[in-house]
Amino acid sequence: MYTEKVMDHFQNPRNVGEIEDADGVGEVGNVKCGDIMRIYLKVEDNVIKDIKFRTFGCGAAIATSSVITEMAVDKTIDEALELTNKQVAEELGGLPPVKMHCSNLAADALKTAIEDYKKNNK
Amino acid sequence: MYTEKVMDHFQNPRNVGEIEDADGVGEVGNVKCGDIMRIYLKVEDNVIKDIKFRTFGCGAAIATSSVITEMAVDKTIDEALELTNKQVAEELGGLPPVKMHCSNLAADALKTAIEDYKKNNK
Amino acid sequence: MKRVYLDHAATTPLHPSILDVMLPFYKELFGNPSSVHSFGREVKKHVDKARKQVAESINADLDEEIIFTSGGTEADNLAILGVAAALKEKGNHIITSSVEHHASLDTCDALAKEGYRVTRLSVDEHGVIDLEELKSAISKDTILITLMHANNEVGTVQPIEKVSKIAKEHDIYLHTDAVQSFGQIPVDVNQLGVDLLTISGHKIYGPKGIGALYVRKGTKLKNLAHGGGQENKIRPGTENVAGIVGLGKAAEMASNSVDEMQEVEKKRDRLIEGLLKMDDVKLNGHPEKRLPTNVNVSIEYIEGEALILSLDMEGIAASSGSACTSGSLDPSHVLMHMGLSHQTAHGSLRLTLGKGTTDEDIDYVLDRVPKIVERLRNMSPLYGK
Amino acid sequence: MKRVYLDHAATTPLHPSILDVMLPFYKELFGNPSSVHSFGREVKKHVDKARKQVAESINADLDEEIIFTSGGTEADNLAILGVAAALKEKGNHIITSSVEHHASLDTCDALAKEGYRVTRLSVDEHGVIDLEELKSAISKDTILITLMHANNEVGTVQPIEKVSKIAKEHDIYLHTDAVQSFGQIPVDVNQLGVDLLTISGHKIYGPKGIGALYVRKGTKLKNLAHGGGQENKIRPGTENVAGIVGLGKAAEMASNSVDEMQEVEKKRDRLIEGLLKMDDVKLNGHPEKRLPTNVNVSIEYIEGEALILSLDMEGIAASSGSACTSGSLDPSHVLMHMGLSHQTAHGSLRLTLGKGTTDEDIDYVLDRVPKIVERLRNMSPLYGK
Ligand SMILES: Cc1ncc(COP(=O)(O)O)c(C=O)c1O
Ligand SMILES: Cc1ncc(COP(=O)(O)O)c(C=O)c1O
Ligand code: FES
Ligand code: FES
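What you see is a predicted model; the values in this text were computed from it and never measured.

S.K.: Sorry if this is basic, but what is going on with the overall build of chain A here?
M.R.: For chain A, the count of helices and strands is five helices and three strands. In chain A, the order of α-helices and β-strands from amino to carboxyl end is α-β-β-β-α-α-α-α. Taking 122 residues into account, the globule formula puts the C-alpha radius of gyration at 14 Å, and chain A, at 13 Å, falls close to it. Referenced to the eigenvectors of the C-alpha coordinate spread, the extents of chain A come out at roughly 45 × 25 × 25 Å. Of the contacts formed within chain A by residues at least 6 apart in sequence, a portion of 63% connects residues at least 24 apart. Counting only carbon and sulfur atoms, one obtains 45% of the accessible surface of chain A, whose full area is about 5,400 Å².

Below you can see the structure in the form of structure tokens.
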């Protein structure tokens, strides 16, 4: 059902945890199945220097959280804002159709965290 | 489906054939499935001395024809008239429910043959 | 005692290599394909593979066009009742033939009782429908034509491709019951031009209790049963995994059988020829447009069940359209609709050959049948008058 | 890797001695039981024997009260739709519970859409219905009460005998789905006092794709499918002979399993005890009136599918009522109706033991689950706040 890459990220998720003095934090909930994802950012010179996540959700939710942190790190916040669900799913080698909505969660959480950072630094 | 006795009478039917100068002949058709049975009698002193049959019908029809000839021979015509379907079926060790009507055929054919004899000898 | 099985239209023996592919699913691969864990996932893969095998064997465009059912009967019911329910706003008229298998015939009868209008096309002496009659039966209320590909009793093949052209012109769904034809003559859903097509495992050397309905993508079909999400929500219930895997293999083998069937056909012709040497015996069904395995003759003056039983005692398995075998009032509706008299239909004998039928089997049958027929005729009040 | 199968409520492995009795029907005994000849008759005998085995295993008075179906789902559909159709002149009200299996739940929903009135009884925190609520739901239109014997998710056993008394007083048919209870606790149609009862092969170490509906003599039931005269004309189609024979044997074994189940129950209790040692873990279902094989716990702060996948990677097969495993919006309707919050229901874990479950299996699970739970909790935004 899941690709090897999904299972790898599920089993060995990168960047799990919190950042104590985060510059931005975003939390989103998934109406579809009730999952929750939170992303923490550390930003320097508009570049994401550190990123961590916590997720309550299925294997796909955990894997997409993990992979989006890898994709976002070292990107400028503008670049990071352009990451799409589709890219996340593709990076994982695809997701089962019923699980496509889980990748929304990751992209949305990242976006929310970046917006939080922007608000804090207005 | 059929008892051994049915199969024996089907395979080795007794008294198959015709009696050229029969004293009575009865032919009946079975509305239920279109079979035909004909019984020939030779009667002496009101006793059935010889009896033969021809049947177009299923295994049960042939077996009941055969067994009823055995049951009727050497009986007086009054005794023979008392033979019932039930007795015929019992003599064969029973018949499957869907085949009970076949035993009617035999008893009816015998009855018709006896009536024919009576008419001829009025 | 020699035993010769010539009732392959009733059921076929399971091919040993089909049993081989089924066995793992009765042993270590016992998981439920709906389960998330590996016991389930590994089984799911094999169900998917079987679906692909079936799809390819009938040249379906998509695997998901295959719905597994518990057999041909259920597939016919699902096709006919499912379309009727899905299109009941569109119309209430269904066209079928008078020589369908009971799985379709009785289902159409049930719809007729519910208020649907059902036209049962007549057939000619060979069992073929009339395309002109079909055309004139079509009305704006017609939602479905259901017509068997080949007949189970007399083996007559219907002109499905031509029916399909007519159905398409009028935008009417076409279902065909290919239970008997599949594995004997080419069955290609696109060439036939059908929207729905029924197959059954146990007629193609596969297991009993499994079948499939092909449903062309986009065809409106209502599920009859309710429950889990299996089979695209069209047919719920835990999958008969071993059966499905067996059907997959059987379908693959069936679609590769056309050559083998030419050999069978030669034996069939020899059998027909031999039987017709007896007096007052006549071939039922079409002389050419018939299945390569089917022999059906009427033998005058005798009754079918008695014949079947007598053959059985010689080890020969056959069947008959006699009323006495069915327990119903009338002999085979198929033979009656082909214009046979009640009595002639009563004395019909169906011998259906299989891949394993040998020339010796044919010789044996041709030796025994005339003797049995003579014996029964000598018992018959109809003979020799 | 060690593999521990604890999903016996999803499906059970086929017992080797059941496969043994099935195999001849995939080999030499391949005849169609409807055939008149010996190939058919010898098979028919075994179908009859299996019917007797099933009848005796549930203490039915007559063999003919058993109708073979393609599984539990079909049997539930047949019972509910069949009674509804047969009694539609009498009334249009059906009573069921809110925690039924989808095979009943969705079937009742379908009837509701057709205009039947359906009452879905609520359950208490343990999943048990309320007899007073049942009584007050009954009206003169009520034609059927359908209530599962034991629940597939939480193992809660319903008071069917008491329901039967109420049903009898009002002359209402009672159907129970005994798919999960059969083979685990006594299932006796006369003691339970039911008119219809569903069983399924693959939950009792028998094959998938076969089940049976018990129909008490005299019960009015309309067939759903049309075709041949098989199964007393209630369920047409060539019989899945191997499946039927397998079900016969499985039913016989199931009715003799009560002792074995006491051993299973001990292991279950040890498993429950071990799991409850973790923080924020709670048992779902009834503390006593539960199946001897069922463990269902809610583990706070984590989600079920992630848990199942993690367990799977350790070789442990389990299931969950999480929304994420079902692809639907809500977690298990059973857990929700028992009053669990969305989140708590989301983190449910079902482990169902089988006859082959060992003490080592339990030890292994009790070693792994806490580690996995800790790992997932550390990933969870809900934990430790
Ligand atoms: C033409 C035809 N349709 C349907 C069926 C029913 O299939 P099944 O026996 O799998 O229910 C049969 C065989 O019995 C058949 O010959
Ligand atoms: C309580 C209950 N009823 C019905 C069913 C359906 O049975 P089957 O899987 O044989 O269709 C199941 C199992 O899936 C079940 O647990
Ligand atoms: S003679 Fe027709 S059923 Fe017996
Ligand atoms: S988080 Fe619920 S399905 Fe992925």
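S.K.: How do you make sense of the relation of the copies chain C and chain D when you look at a structure like this?
M.R.: Two chain copies here: they are related by a rotation about an axis and a translation along the same axis. Relative to chain D, chain C is turned by 180° and slid 0.0 Å along the rotation axis, the superposed coordinates differing by an RMSD of 0.0 Å. The operation mapping one copy onto its partner corresponds to a two-fold rotation axis. Minimal C-alpha separation from the rotation axis in chain C is found for S70 of chain C, amounting to 3.1 Å. Looking at the interface residues of chain C, 98% of them are also at the interface in chain D, so both copies use one shared face.

S.K.: What should I look at first to understand the environment of V83 of chain D in this one?
M.R.: All names here are of chain D. Its location among the elements puts V83 in helix α3 (residues 72-86). With a relative accessible area of 0%, V83 lands in the buried category. Leaving out residues up to four positions away in the same chain, V83 has contacts with L78, I143, L144, Y173, L196, K220 and L221.

S.K.: Please clarify how the sheet that holds strand β8 (residues 211-215) of chain D should be interpreted in this entry.
M.R.: The strands making up a sheet associate through backbone hydrogen bonding, with each pair oriented either parallel or antiparallel. Residues and elements named next belong to chain D. With mixed pairing, the seven strands of this open sheet are ordered in space as β2-β8-β7-β6-β5-β3-β4. Edge strands, defined here as strands with exactly one partner in the open sheet, are β2 (66-69) and β4 (117-121). Pairwise comparison of adjacent strand axes, ignoring direction, gives a mean angle of 20° for this sheet. In this structure, strand β5 (residues 142-146) lies alongside strand β6 (residues 173-177), joined through three bridges in parallel fashion. Across the sheet, the residue bridging to I145 is L174, located in β6. Helix α2 (residues 38-57) rests against β2 and β7 (196-200) of the sheet, and its axis sits at about 110° to β2. Of the strands in this sheet, β5 and β6 are in contact with helix α6 (residues 160-169), which crosses β6 at around 160°.

S.K.: When you look at the packing of helix α10 (residues 304-313) of chain D against helix α14 (residues 359-379) of chain D in this model, what are you seeing that I'm missing?
M.R.: For any two helices packed against each other, the geometry is given by the interaxial angle and the distance between the axes. All names here are of chain D. Packing of α10 against α14 leaves a shortest axis separation of 10 Å and a crossing angle of 135°. Put simply, α10 runs oblique to α14. The chirality of how α10 crosses α14 is right-handed. Of the residues in α14, those touching α10 at A306, L307, S310 and L311 are V369, I372, V373, R375 and L376.

S.K.: Quick question: what am I supposed to make of the site of ligand 2 here?
M.R.: Close to ligand 2 lie 15 residues, the nearest being T238 of chain C together with T73, D177, S200 and K203 of chain D. Flanking ligand 2 are residues from chains C and D. Within the side chain of T238 of chain C, an N or O atom sits 2.4 Å from an oxygen atom of ligand 2. Burial of ligand 2 by the protein chains amounts to 95% of its free accessible area of 390 Å². The element that contributes the greatest number of residues to the shell around ligand 2 is α3 of chain D, accounting for three residues. For the shell around ligand 2, the residue count by class is two nonpolar, ten polar and three charged.

S.K.: Honestly, the sheet that holds strand β10 (residues 294-299) of chain D in this entry has me stumped. Any pointers?
M.R.: Residues and elements named next belong to chain D. Reading across the sheet, the three strands line up as β9-β10-β12 and stay open at both edges, with antiparallel pairing between neighbours. Looking at the sheet topology across the chains shown, the edges are occupied by β9 (281-283) and β12 (348-352). Averaged over all adjacent pairs, the angle separating strand axes in this sheet is 25°, with direction ignored. Bridge count for β10 against β12 is five bridges, and the pairing is antiparallel.

S.K.: Which parts of the structure should I look at to understand the confidence of the model for chain C?
M.R.: The predicted coordinates ought not to be read in detail in places where the model reports low pLDDT. Per-chain confidence: chain C averages 97 in pLDDT, with 100% of residues scoring 70 or above. Among the scores for the predicted complex, ipTM is 0.96 and pTM is 0.97.

S.K.: Hey, could you run me through the interface of chain C and chain D in this one?
M.R.: Residue-level contacts link 57 residues of chain C with 57 residues of chain D. Buried surface at the junction of chain C and chain D, summed over both partners, amounts to about 4,300 Å²; 62% is from carbon and sulfur atoms. Taken as a group, Y26, F30 and H226 of chain C account for 17% of the area that chain C buries against chain D, more than any other trio of residues on that side. Between D312 of chain C and R41 of chain D there is a salt bridge, with its nearest N and O atoms 3.1 Å apart. At the junction of chain C and chain D, the tally comes to 21 residue pairs in polar contact (both at pLDDT 80 or more). Secondary-structure elements contributing two or more residues to the side of chain C that touches chain D are α1 (16-22), α2 (38-57), α3 (72-86), α4 (102-113) and α10 (304-313) of chain C. It is α4 of chain C that contributes the most residues to the side of chain C that touches chain D, five residues altogether. For the side of chain C that touches chain D, the residue count by class is 23 nonpolar, 22 polar and twelve charged.

S.K.: Where do I start with the site of ligand 1 in this structure?
M.R.: Around ligand 1 sit 15 residues, and of these T73, D177, S200 and K203 of chain C together with T238 of chain D come closest. With respect to ligand 1, the chains having nearby residues are chains C and D. S200 of chain C is positioned such that a nitrogen or oxygen atom in its side chain is 2.6 Å from an oxygen atom of ligand 1. In the environment of ligand 1, an oxygen atom lies 2.4 Å from a nitrogen or oxygen atom belonging to the side chain of T238 of chain D. Within the complex, 95% of the 390 Å² of free accessible area of ligand 1 lies under protein. At three residues, α3 of chain C tops the list of elements feeding residues into the shell around ligand 1. Class assignment for the residues of the shell around ligand 1 results in two nonpolar, ten polar and three charged.

S.K.: Before we go on, may I ask you to explain the pattern of salt bridges in this structure?
M.R.: Any two side chains of opposite charge can pair, on the condition that their charged atoms come close. Residue and element names in this part refer to chain C. Counted according to the given criterion, the structure contains 62 salt bridges over all chains. D361 is the salt-bridge partner of K2, the closest N and O atoms lying 3.3 Å from each other. One end of the pair, K2, is in the segment before β1 (4-5); the other, D361, is in helix α14 (residues 359-379), with 359 residues separating them in the sequence. On the basis of relative accessible area, D361 is assigned to the buried category, the value being 11%. Between D7 and R350 there is a salt bridge, with the nearest N and O atoms lying 3.1 Å from each other. Here the residue D7 occupies a position in the loop between β1 and α1, and R350 occupies one in strand β12 (residues 348-352), the gap between them amounting to 343 residues. Like R350, D7 is buried.

S.K.: Even after reading the chapter, I still don't get the nonpolar core, so can you show me in this structure?
M.R.: In a soluble, globular protein the nonpolar side chains are often hidden away together inside. The biggest cluster of nonpolar side chains holds 119 residues, and the ones touching the most others in it are Y26, I58 and L197 of chain C together with Y26, I58 and L197 of chain D. For this core, the leading source of residues is helix α8 (residues 241-255) of chain C, giving nine residues. Filtering out sequence-adjacent residues up to four positions away, L197 of chain D remains in contact with I58, H175, T176, A178, V187, V189, L192, A212, L213 and Y214 of chain D.

S.K.: Explanation requested: the packing of aromatic side chains in the structure shown.
M.R.: Aromatic ring pairs are described here by two measures, namely the spacing of the ring centres and the angle between the planes. Tallied over the full model, the rule gives nine aromatic pairs over all chains. Ring centres 4.7 Å apart and planes at 80° place the aromatic pair F30 of chain C and Y5 of chain D in the edge-to-face group. Of this pair, F30 of chain C sits in the loop between α1 and α2 while Y5 of chain D sits in strand β1 (residues 4-5), each in a different chain. Both residues of the pair, F30 of chain C and Y5 of chain D, count as buried. Their ring planes at 50° and their centres at 5.7 Å tell us that F30 of chain D and F39 of chain D sit as a pair that is tilted. Each member of the pair, F30 of chain D as well as F39 of chain D, is classed as buried. Taken together, the ring pairs in this structure connect Y5 of chain C together with F30 and F39 of chain D into an aromatic cluster.

Rules and cut-offs
Residues numbered from 1 in each chain as written. Chains lettered and ligands numbered in written order. Predicted model: local features only at pLDDT ≥ 70, side-chain atom pairs only at ≥ 80, totals over all residues. Heavy atoms only, no water. Helix = DSSP H or I, 4+ residues; strand = E, 2+ residues; numbered from the N terminus. Rg over C-alpha atoms; globule rule 2.2 N^0.38 Å. Contact = heavy atoms within 4.5 Å. Areas by Shrake-Rupley, 256 points an atom, 1.4 Å probe, with all protein chains shown as cover. Least-squares fit on C-alpha atoms with pLDDT ≥ 70 in both. Buried < 20%, exposed > 50% of the residue type's maximum accessible area, 1.4 Å probe, protein only. Pairing = 2+ DSSP bridges. Axes fitted to C-alpha atoms, helices over the stretch in contact; angles between N-to-C directions. Parallel < 35°, antiparallel > 145°, perpendicular 65-115°, else oblique. Left-handed = near helix turned anticlockwise from the far one by under 90°. Near = heavy atom within 4 Å. Polar contact = N/O pair within 3.5 Å; in protein donor to acceptor, adjacent residues only side chain to side chain. Nonpolar A, V, L, I, M, F, W, Y, C, P; charged D, E, K, R; others polar. pLDDT = per-residue confidence, 0-100. Buried area = accessible area lost by both parts, 1.4 Å probe. Salt bridge = Lys/Arg side-chain N within 4 Å of Asp/Glu carboxyl O. Core = buried A, V, L, I, M, F, W, Y, C linked by side-chain atoms within 4.5 Å. Phe/Tyr/Trp six-rings, centres within 6.5 Å; stacked < 30°, edge-to-face > 60°.

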